[in-house]
Amino acid sequence: MLNLDKLINQGVAGLHPYQPGKPIEELERELGITNIVKLASNENPLGIGPRAKQAIKSAIEDLTRYPDGSGHDLKQALAQQHGLGSDQFTLGNGSNEVLEMIFRTFVGSGDNVVYSQYAFIVYKLLTQGIGAEHREIPAQSYGHDLEAMLAAIDVNTKLVCVANPNNPTGTFIEPQVMAGFIAAVPKQTLIVLDEAYTEYLAASERLDIAQLLNKHDNLIVCRTFSKAYGLAGLRIGYAMSSQPISSMLNRVREPFNNNTLALVAAEASLQDESYLQTSVRLNAEQMQLLEMFLQQKGIEYIPSKGNFICIKVGPQANDIYQQLLKLGVIVRPVAGYGLADYLRVSIGTESENRTFMDAMNLIKL
Ligand SMILES: *Cc1c(COP(=O)(O)O)cnc(C)c1O
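All of these numbers come straight from a predicted model, not from anything done at the bench.

> Residues and numbers for the site of the ligand, please.
Every residue close to the ligand is listed here: Gly94, Ser95, Asn96, Phe120, Asn167, Asp194, Ala196, Tyr197, Thr224, Ser226, Lys227 and Arg235. Between Asn167 and the ligand, the recorded distance is 2.8 Å, taken from a side-chain N or O atom to an oxygen atom. With respect to the ligand, the side chain of Arg235 contributes an N or O atom lying 2.8 Å from an oxygen atom. Relative to its unbound accessible surface of 390 Å², the ligand loses 93% to contact with the protein. Of the residues in the shell around the ligand, the class split is 3 nonpolar, 6 polar and 3 charged.

> Provide a residue-level description of helix α5 (residues 72-82), including the pertinent values.
Three or more residues of α5 are buried, namely Leu74, Lys75, Ala77, Leu78, Ala79 and His82. Residues of α5 that are buried sit in contact with β2 (89-92), α10 (209-215), β7 (219-224), β8 (237-240) and α12 (260-270). Positive backbone phi, approximately 70 degrees, marks Gly83, located one or two places after α5.

> Residues and numbers for the nonpolar core, please.
Judged by nonpolar contacts, the single largest core of 52 residues is most densely connected at Leu74, Phe181 and Phe225. Here this core takes 6 residues from α12, the largest share from any one element. In contact with Phe181, not counting residues within four places along its chain, are Leu146, Met149, Leu150, Val160, Val162 and Ile191.

> How would you explain a nonpolar patch on the surface if you had to name every residue and give the values?
A cluster of nonpolar side chains, contributed by Leu2, Leu4 and Leu7, occupies part of the molecular surface with about 350 Å² of accessible area. Along the chain, Leu2 turns up in the segment before α1 (4-7).

> Go over the pairing of β7, please, and point to the residues and values.
Across the 6 residues that make up β7, a large majority, 6, are buried. Side-chain alternation along β7 places Leu219, Val221 and Arg223 on one buried face and Ile220, Cys222 and Thr224 on a second face that is also buried. Pairing of strand β6 (residues 190-194) with β7 involves 4 bridges; the strand directions are parallel. Residue pairing across strands places Leu193 opposite Val221, the latter belonging to β7. Crossover β6 to β7 through α10 is right-handed. Where β7 and β8 come together, 4 bridges link them in antiparallel fashion. Bridging across to β8, Val221 finds its partner in Met240.

> Account for the environment of Leu249, with residues named and values stated.
Topologically, Leu249 is positioned in helix α11 (residues 243-252). Leu249 gets classed as buried once you look at its relative accessible area, which sits at 0%. Taking the C-alpha atoms as reference points, Leu249 and Phe103, 146 residues apart in sequence, are found 9.5 Å from one another. Each residue touching Leu249, except ones within four places of it in the same chain, is listed here: Thr90, Met101, Ile102, Thr105 and Phe106.

> How would you explain the pattern of salt bridges if you had to name every residue and give the values?
Under the defined criterion, the tally for this structure stands at 10 salt bridges. For the salt bridge of Lys22 with Glu26, the shortest nitrogen-to-oxygen distance reads 3.0 Å. What makes Lys22 buried here is its relative accessible area of 14%. Of the charged contacts in the structure, one is a salt bridge between Asp111 and Lys158, with a shortest N-O distance of 3.1 Å. Of this pair, Asp111 sits in the loop between α6 (95-106) and β3 (112-116) while Lys158 sits in strand β5 (residues 157-163); the two residues are 47 residues apart in sequence, bridging distant segments of the chain. When its relative accessible area of 12% is taken as the criterion, Asp111 is described as buried. The structure contains a network of salt bridges with shared partners spanning Lys22, Glu26 and Glu30.

Parameters at a glance
- Residues numbered from 1 in each chain as written.
- Predicted model: local features only at pLDDT ≥ 70, side-chain atom pairs only at ≥ 80, totals over all residues.
- Heavy atoms only, no water.
- Near = heavy atom within 4 Å.
- Polar contact = N/O pair within 3.5 Å; in protein donor to acceptor, adjacent residues only side chain to side chain.
- Areas by Shrake-Rupley, 256 points an atom, 1.4 Å probe, with all protein chains shown as cover.
- Nonpolar A, V, L, I, M, F, W, Y, C, P; charged D, E, K, R; others polar.
- Buried < 20%, exposed > 50% of the residue type's maximum accessible area, 1.4 Å probe, protein only.
- Helix = DSSP H or I, 4+ residues; strand = E, 2+ residues; numbered from the N terminus.
- Contact = heavy atoms within 4.5 Å.
- Core = buried A, V, L, I, M, F, W, Y, C linked by side-chain atoms within 4.5 Å.
- Patch = residues over 30% accessible without salt bridge, like charges linked within 9 Å, V, L, I, M, F, W, Y side chains within 5 Å.
- Salt bridge = Lys/Arg side-chain N within 4 Å of Asp/Glu carboxyl O.
- Pairing = 2+ DSSP bridges.
- Right-handed = clockwise from strand over helix to strand, strands pointing away.

What follows is the structure, encoded as structure tokens:
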């Protein structure tokens, strides 16, 4: 008899699959209702931007050909935006795949990875899958305890991962503090700075990535088109690093990891300043309204710099999640993160958020 338990890579044996937000179609099938509001996966609620949409339409005829495996045009556009060389970029099928490439390239089973409690769960999953040692550092006020993370780094630490702002907690590290941390990490450890929500920050809250990469060749910065740029369904993200690092990541990259539509849409979306600004403004306005609502209801929350917020609904969080589903609102349980009393709610359009608040008013807390 085939003994799969003996065959399976021991790291993978201990893995629990990533739990995505419940898809709208699934809830529609289950409840037989429409008009479902999904506030579960931090997507841009405005729908795809006009420039990206046009680029996709124009590229349909090209789909019979393989994509440009080097992502030349998108890298050129990114290089210009960030003031870096185009050979400093690595494109991925979502920034998730970029993280995967980084782990595959640098982490082996005898190594360790440092990350924070409540940090984006993919760092833990990738460490586990490789069978490397987890150094999960207790959080401080739900955010990264950078000093303790520094202290946990040793000669076997290949990566220290920081999500800023963090998902799911929305906690934020000020740029000067982050720059100090980057400078303090030992040279033989790579810093993976995951900036999936950076577009939602004020200009004064952002780091100068080109300047930092010039100074620190152990820095890798990850970005995505899935959140503020509104392209989650296309799967595209990227890393910025030194050229030697990007060329190493390129060794493990599968040949055509970015599809043609993702490449053209991402490039076009970089030109769509107005869509990006509208998205960021909507998020700020609606976040404020939601916070007022939570305060009025006496619901605690973790202040967030992203396009989502973790609300404290207590030990009955899963029950409230289920009740919200029945009312046609999908939010995200975060018990898998060790936040069993919380639900994460993405910021939607005004009408979506209104639906969420109306539903909360119907639920006995
Ligand atoms: C959403 C998210 C990502 C991954 O996004 P992709 O869709 O794979 O680009 C990475 N990091 C954080 C912190 C996220 O929240």
